[in-house]
Amino acid sequence: MTRQMTTLGNELARQGRSIMSLSQGEPDFDTPKHVRDAGHAAIDAGITRYTDIPGTRELTQAIIRKFQRDNGLTFEANQITIGVGSKQVLYNALQATVDPGDEVVVAVPAWVSYPEMVKLAEGVPVILPARMDQGFKVTAEQVDRAITPKTKWVMLNSPSNPSGAVYSAEELKAIAAVLAKHPHVWFMSDDIYEKLLYTGKPFPTMAALVPEIASRCLTINGLSKAFAMTGWRVGYAGGPVDLIKGINLVQGQSVSHTSSISQAAAVAALDGPMDFLPPFLEAYQRRRDLVVKAMNEIPGVKCMKPDGAFYVFPNVDALLGKKTPAGKTIATDLDLCMYFLEEAGVSVVPGAAFELPGHFRISYAASDAALTEGMKRLREACSRLA
Ligand code: PLP
């Protein structure tokens, strides 16, 4: 649905309509120059051939250094896998481990691909709703109640797409205490938005926080969001040797590996200066504040101010049942998002896409001008609902 909204918006834009695109989950910044330079240099140096399936030695070592430096996690080379984006790593991990009928606990709202990937592996997604009044975070009790003998994984993403919610160290420890009671359950930590954090506190990740369960944790990360490298397609994970071996088997019979050029650029990103990041974060925070304030000024819209990522996820329950000027009833969040797109020229994504209807997602990884205009249009569109 996220792609669909973007495609529809692009189509309207091609027809000459002015569309504010706030549906895409990718930074509007360019990849830092030193990383682009490393990509050019890799091509010129002939780094254009097949690499090892788990990834190049150079990038594997850079990832080991990153995990140690940023997360206090120690891995050997055979505990690292590099995929075509973190999406590939998530997909490989589920294909490698989920047998038909196995259950995977997914806290929602969740990234659209989680439940679909579980189903592709013939598993059963067990959906745990985390509503706005619980900060869009599941509690340890909810996780405990969801676990059965068939549970294979608990998947968690913090900071979260689509809510921006960030789990605290205490909240993760409470979930770890539940996992300790269920030794057959593994934990998948999707840390892709790690660097987009506005708490001022260190980023907590499960494997480092609770070493006792690190032997069944897969810690997933990637270059797409922090380094504005979505198109380069580099993601990676650290985890137990046998799991990584399984992931690499799936990878070896599908995509082989991500581009050799992208891997070389990723070494420059992970080992290089991070001074490009504070200006990105400053811009994201300013945009988040602008959007949250604008949303909360609209009667019928409630918006939490999240601590991470580049999304907000306003609740619009109070707008459902209203009528558009053309007399059409807005029955669902999808109807509302179509109304926003067609009548106001703003593309956003319905909460149903993330398994939590009654909301919609705004990506504030867009220019200040697009956001300001987008908010104005949404306010006007809402005021026309009767
Ligand atoms: N995980 C989450 C929560 C995401 O939102 C995304 C992308 O939007 C990904 C993983 C995949 O990112 P990539 O494959 O570009 O690393």
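Everything below is about the structure printed above this text.
Predicted model, so just to flag it, every value in this text is computed and none were measured. (Residues numbered from 1 in each chain as written. Predicted model: local features only at pLDDT ≥ 70, side-chain atom pairs only at ≥ 80, totals over all residues. Heavy atoms only, no water.)

Undergrad: When you look at the packing of helix α2 (residues 33–44) against helix α10 (residues 260–271) in this model, what are you seeing that I'm missing?
TA: Two quantities define a packed helix pair, namely the angle between the axes and the distance from one axis to the other. Where α2 meets α10, the axes come as close as 8 Å, and the angle between the chain directions of the two elements is 140°. Overall, the two elements α2 and α10 adopt an arrangement that is oblique. Seen along the crossing, α2 lies across α10 with a hand that is right-handed. Across the interface between the two elements, H34, V35, A38, G39, A42 and I43 from α2 touch I261, A264, A265, A268 and A269 from α10. Here the contact of α2 with α10 is built from residues that sort into nine nonpolar, two polar and no charged. (Axes fitted to C-alpha atoms, helices over the stretch in contact; angles between N-to-C directions. Helix = DSSP H or I, 4+ residues; strand = E, 2+ residues; numbered from the N terminus. Parallel < 35°, antiparallel > 145°, perpendicular 65-115°, else oblique. Left-handed = near helix turned anticlockwise from the far one by under 90°. Contact = heavy atoms within 4.5 Å. Nonpolar A, V, L, I, M, F, W, Y, C, P; charged D, E, K, R; others polar.)

Undergrad: So what exactly am I meant to see when it comes to the pattern of salt bridges here?
TA: Side chains carrying opposite charge are able to pair once their charged atoms draw close together. What the rule picks out here adds up to 21 salt bridges. For R287, the salt bridge goes to D28, with nearest N and O atoms at 3.1 Å. Residue R287 is found in helix α11 (residues 277–296), and its partner D28 is found in the loop between β1 (20–21) and α2; the two are separated by 259 residues along the sequence. Among the salt bridges present, the one from K33 reaches D37, with a minimum N-O distance of 2.9 Å. (Salt bridge = Lys/Arg side-chain N within 4 Å of Asp/Glu carboxyl O.)

Undergrad: So what exactly am I meant to see when it comes to the packing of helix α3 (residues 57–71) against α10 here?
TA: Packing of α3 against α10 brings their axes to within 9 Å, and their N-to-C directions diverge by 25°. Classified by the angle between their axes, α3 and α10 sit roughly parallel to one another. Here α3 runs over α10; the crossing is left-handed. Residues E58, L59, A62, I63, R65, K66 and R69 of α3 pack against Q263, A266, V267, L270 and D271 of α10. Residues that form the contact of α3 with α10 fall into these classes: six nonpolar, one polar and five charged.

Undergrad: Sorry, what's going on with the sheet that holds strand β11 (residues 349–350) here?
TA: Across a sheet, paired strands are connected by hydrogen bonds in the backbone, their directions being either parallel or antiparallel. Here three strands make up an open sheet; going across it, the order is β9-β12-β11 and the pairing antiparallel. With partners counted over all chains shown, the strands left at the sheet margins are β9 (311–312) and β11, one partner each. The pairing of β11 with strand β12 (residues 360–363) spans two bridges and is antiparallel. Bridge pairing links P350 to F360 in β12. (Pairing = 2+ DSSP bridges.)

Undergrad: Just to check I follow, could you spell out the pairing of strand β2 (residues 80–83) for this structure?
TA: When a strand is regular, its side chains alternate between the sheet's two faces. Side-chain alternation along β2 places I80 and I82 on one buried face and T81 and G83 on a second face that is also buried. Two strands pair when backbone bridges link them, and β2 and strand β8 (residues 235–238) are joined in this way by four bridges, in the antiparallel orientation. Bridge pairing in β8 links I82 to Y236. (Buried < 20%, exposed > 50% of the residue type's maximum accessible area, 1.4 Å probe, protein only.)

Undergrad: Is there a simple way to think about the site of the ligand in this case?
TA: Residues in contact with the ligand, as listed here, are G85, S86, K87, W111, N157, N161, D190, I192, Y193, S224, K225 and R233. A distance of 2.7 Å separates an oxygen atom of the ligand from a polar atom in the side chain of S86. Its free accessible area being 400 Å², the ligand has 93% of it covered by the protein chains. Looking at the shell around the ligand residue by residue, the class counts come to three nonpolar, five polar and four charged. (Near = heavy atom within 4 Å. Polar contact = N/O pair within 3.5 Å; in protein donor to acceptor, adjacent residues only side chain to side chain. Areas by Shrake-Rupley, 256 points an atom, 1.4 Å probe, with all protein chains shown as cover.)

Coordinates in, geometry out; function isn't part of it.
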